[in-house]
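Analysis of the macromolecular model
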Amino acid sequence: MNPELTLASEVADALDTGRAVVALESTLITHGLPYPASVETALAMEAAVRETGAVPATIAILEGRITVGLSPDQIDRLASLPRGAVRKCSRRDLAVAVGLRENGATTVAGTMIVAHMAGIQVFATGGIGGVHRGHPFDVSADLIELGRTPVAVVCAGAKSILDLPLTLEALETQGVPVIGIGTDTLPAFYSRSSGLPIDPRIETPQQAAAVIAAARRLGMTHGLLFAVPVPVEAEFSATAAEAAIQQATAEAEAQGVRGRDVTPFVLKRVAEITDGQSRRANVALLVNNARVGGQIAVALEAVAQS
Ligand code: PSU
Ligand code: MN
C-alpha cells in the first residue's frame with residue numbers, strides 16, 4: 001500500500017480480508033451539491049452501499065493527507081468549508097494538494113486514481129465528466145482516466161450538460177467499454193435515456209462482476225463504465241432538463257466561466273432554474289448508483305472466492 005494513503009480501519013480490514021468495498025467521490029459533495037444536502041446525500045450513499053453488505057470508502061484529501069474512508073465528521077467538515085478552500089482534484093491536482101497540504105475533493109478521475117492505489121475495484125458516482133457542448137477541446141480528464149486506470153465506475157451516464165455523442169466517441173477512442181445495466185441507451189443523468197445506443201446491455205450485478213473479473217484476468221489497464229438510468233420515479237423530464245441546460249450553458253458562456261468551474265456552475269444553475277427538481281433526480285441517482293455499486297462489489301467478492 002502506498003504510504004501516502006490514510007485508510008479508515010474499516011476499509012483497511014475489508015481490503016485485507018477481500019471483502020467488498022465501494023469507493024465514493026467527494027467533488028459531488030463540495031462542488032456538486034449545496035450544504036447540508038451535500039452531507040445528507042453523501043451519508044445516504046454510504047448507507048446504500050452498506051445495505052448491500054459492502055463497505056463504503058469516501059475519498060478526499062484532508063490537509064494534504066489522501067484519506068480513503070472519511071468519517072461522517074470528516075465529511076461534514078469538508079462540506080462546510082467555503083468552496084474556495086477546497087481544491088477540485090482531478091489527476092493534475094493530486095500532487096499539488098498533497099504537496100501544499102491542502103484540502104481537496106476528488107473528481108471521478110481523482111477518485112479512480114486513489115481507489116486503484118488502495119486496491120478498490122468498484123467506484124460509484126453520479127455522472128462522469130465529458131466533452132463540453134460547443135467546446136470539443138474541453139474534454140474532462142475523467143474520460144482519459146477511464147482509459148488508463150483499471151477501476152469500474154458506476155454512473156448515470158454523462159451529465160446531460162455535456163455533448164453526449166462526442167463523449168461516447170472519446171470513450172471509444174480511450175478504449176473504455178460502456179455497459180448498460182438494464183438499458184441499451186446511454187442514460188442522460190437527469191433522464192433515463194439520451195437515445196444514444198450503447199452495447200452491451202446486461203441485467204445483473206453478477207454479469208457486471210464477470211466482466212470486471214475478465215478484464216483483470218486479461219491484464220487490461222483501462223477502466224470500465226457501467227451506466228445505470230436514474231430510477232423511474234425520480235426521473236426529470238428530458239425536455240425541461242434540456243431547456244434549463246441550454247439556458248445555464250449560455251449563461252456560463254456569457255459570464256466567461258471557464259475550466260474546472262464550468263461543471264459546478266452549470267449544475268447549480270440548472271437546479272435553480274428547475275426549482276430543485278433536477279437536484280432531486282441528481283440525489284436519487286447518486287443513492288441508486290451507490291446501491292448498484294455495492295451489489296457489483298459483493299458479486300465481485302463472490303467471484304474472487306470461487
Ligand atoms: N456528478 C455529480 N456531481 C458532480 C460531479 C459528478 O452528480 O459534481 C463532478 C465529478 O466529480 C466529475 C466532475 O468528475 O464533476 C467533472 O468535472 P469536469 O467536467 O470539470 O471534468
Ligand atoms: Mn473541463
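Residues numbered from 1 in each chain as written. Chains lettered and ligands numbered in written order. Predicted model: local features only at pLDDT ≥ 70, side-chain atom pairs only at ≥ 80, totals over all residues. Heavy atoms only, no water.

1. What about the overall build of the chain?
If you tally the helices and strands in the chain, you get twelve helices and 13 strands. For 306 residues, the compact-globule formula gives about 19 Å, and the C-alpha radius of gyration of the chain, at 18 Å, lands near that figure. Counting over 306 residues, the chain shows a buried share of 56%. The long-range share in the chain, meaning contacts at least 24 apart out of those at least 6 apart in sequence, stands at 73%. Looking at the chain as shown, the accessible area adds up to about 12,600 Å², and 54% of this sits on carbon and sulfur atoms. (Helix = DSSP H or I, 4+ residues; strand = E, 2+ residues; numbered from the N terminus. Rg over C-alpha atoms; globule rule 2.2 N^0.38 Å. Buried < 20%, exposed > 50% of the residue type's maximum accessible area, 1.4 Å probe, protein only. Contact = heavy atoms within 4.5 Å. Areas by Shrake-Rupley, 256 points an atom, 1.4 Å probe, with all protein chains shown as cover.)

2. With respect to unusual backbone geometry
The amide bond that connects Tyr35 to the next residue, Pro36, takes the cis arrangement and shows omega of 5 degrees. Looking at the secondary structure, you find Pro36 in the loop between helix H2 (27-32) and helix H3 (37-51). Residue Asp199 is joined to Pro200 through a cis peptide bond whose omega torsion reads 5 degrees. Along the polypeptide, Pro200 turns up in the loop between strand E11 (178-181) and strand E12 (201-202). Of note, Phe189 is a non-glycine position whose phi angle comes to about 65 degrees, a positive value. By secondary structure assignment, the location of Phe189 is in the loop between E11 and E12. Phe189 sits in the buried class, given a relative accessible area of 2%. One non-glycine residue, Asp275, adopts positive backbone phi at about 55 degrees. Among the residues examined, Asp275 registers a relative accessible area of 65% and is labelled exposed.

3. Describing the packing of aromatic side chains
Taken as a whole, this structure holds one aromatic pair when the rule is applied. With centroids separated by 4.8 Å and ring planes inclined at 65 degrees, the aromatic side chains of Phe189 and Tyr190 adopt a geometry described as edge-to-face. Comparing Phe189 with Tyr190 shows no difference in burial state: the two are buried. (Phe/Tyr/Trp six-rings, centres within 6.5 Å; stacked < 30°, edge-to-face > 60°.)

4. Here we look at the confidence of the model for the chain
Of the residues in the chain, 100% reach a pLDDT of 70 or more, and the chain-wide mean stands at 96. Across the chain, strand E2 (residues 21-24) holds the top mean pLDDT of 99, while strand E9 (residues 135-139) sits lowest at 90. (pLDDT = per-residue confidence, 0-100.)

5. What to know about helix H11 (residues 262-273)
Taking 1.5 Å of rise per residue, the twelve residues of H11 would be expected to cover 16 Å, and the 16 Å separating its terminal C-alpha atoms lies within 8% of that figure. For H11, the complete set of buried residues consists of Val262, Thr263, Pro264, Phe265, Val266, Leu267, Val270 and Ala271. Buried residues belonging to H11 abut H2, strand E5 (86-89), strand E8 (131-132), helix H10 (238-254) and helix H12 (277-305). One or two residues past the end of H11 sits Asp275, with phi positive at roughly 55 degrees. (Expected span 1.5 Å × (residues − 1).)

6. Quick notes on the nonpolar core
Nonpolar side chains in soluble globular proteins tend to be buried together. Grouped together as the largest cluster of nonpolar side chains are 106 residues, with contacts concentrated most on Ile128, Leu171, Tyr190, Leu225 and Phe226. Considering every element that reaches this core, the biggest residue donor is H12, with ten residues. The contact partners of Tyr190, leaving out residues within four places of it in the chain, are Ser160, Val230, Glu235, Phe236, Ala241, Ile245, Leu267, Val270, Ser278, Ala281, Asn282 and Leu285. (Core = buried A, V, L, I, M, F, W, Y, C linked by side-chain atoms within 4.5 Å.)

7. Concerning the environment of Leu186
Relative to the elements of secondary structure, Leu186 occurs in the loop between E11 and E12. The class of Leu186 is buried, set by a relative accessible area of 2%. Separated by 30 residues in the primary sequence, Leu186 and Ala156 place their C-alpha atoms 8.2 Å from one another. Every residue in contact with Leu186, bar those within four places of it in the chain, is listed here: Gly157, Leu164, Leu168, Val178, Arg192, Ser193, Ser194, Gly195, Leu196 and Ile198.

8. What about the packing of H3 against H12?
Helix-helix packing is characterised by the crossing angle of the two axes and by the distance between the axes. Where H3 contacts H12, the two axes come as close as 7 Å, and the packing angle between them is 30 degrees. On the basis of the axis angle, H3 is roughly parallel to H12. In this structure, H3 crosses over H12, and the sense of that crossing is right-handed. Contacts between H3 and H12 pair Thr41, Ala44, Met45, Ala48 and Val49 from the former with Val283, Leu286, Val287, Ala290 and Arg291 from the latter. Among the residues making up the contact of H3 with H12, the classes are represented as eight nonpolar, one polar and one charged. (Axes fitted to C-alpha atoms, helices over the stretch in contact; angles between N-to-C directions. Parallel < 35°, antiparallel > 145°, perpendicular 65-115°, else oblique. Left-handed = near helix turned anticlockwise from the far one by under 90°. Nonpolar A, V, L, I, M, F, W, Y, C, P; charged D, E, K, R; others polar.)

9. As for the pairing of E9
Two faces make up the sheet, and in a regular strand the side chains alternate between them. Alignment of E8 against E9, held across two bridges, turns out to be antiparallel. Note that in E9 the partner of His132 across the bridge is His135. Joining the antiparallel neighbours E8 and E9 is a turn of two residues, in which Gly134 adopts a positive phi near 75 degrees. (Pairing = 2+ DSSP bridges.)

10. A word on the site of ligand 1
Near ligand 1 there are 16 residues, and of these Glu25, Lys88, Ser140, Asp142 and Thr263 occur at the shortest range. Take Lys88: an N or O atom from its side chain is 2.8 Å from an oxygen atom of ligand 1. At 3.3 Å from an oxygen atom of ligand 1 is found a side-chain nitrogen or oxygen belonging to Asn282. Protein chains bury 93% of the 480 Å² of accessible surface belonging to ligand 1 in isolation. Taken together, the elements giving at least two residues each to the shell around ligand 1 come down to H2 and H11. In terms of residues, the shell around ligand 1 owes the most to one element, H2, which gives three residues. (Near = heavy atom within 4 Å. Polar contact = N/O pair within 3.5 Å; in protein donor to acceptor, adjacent residues only side chain to side chain.)

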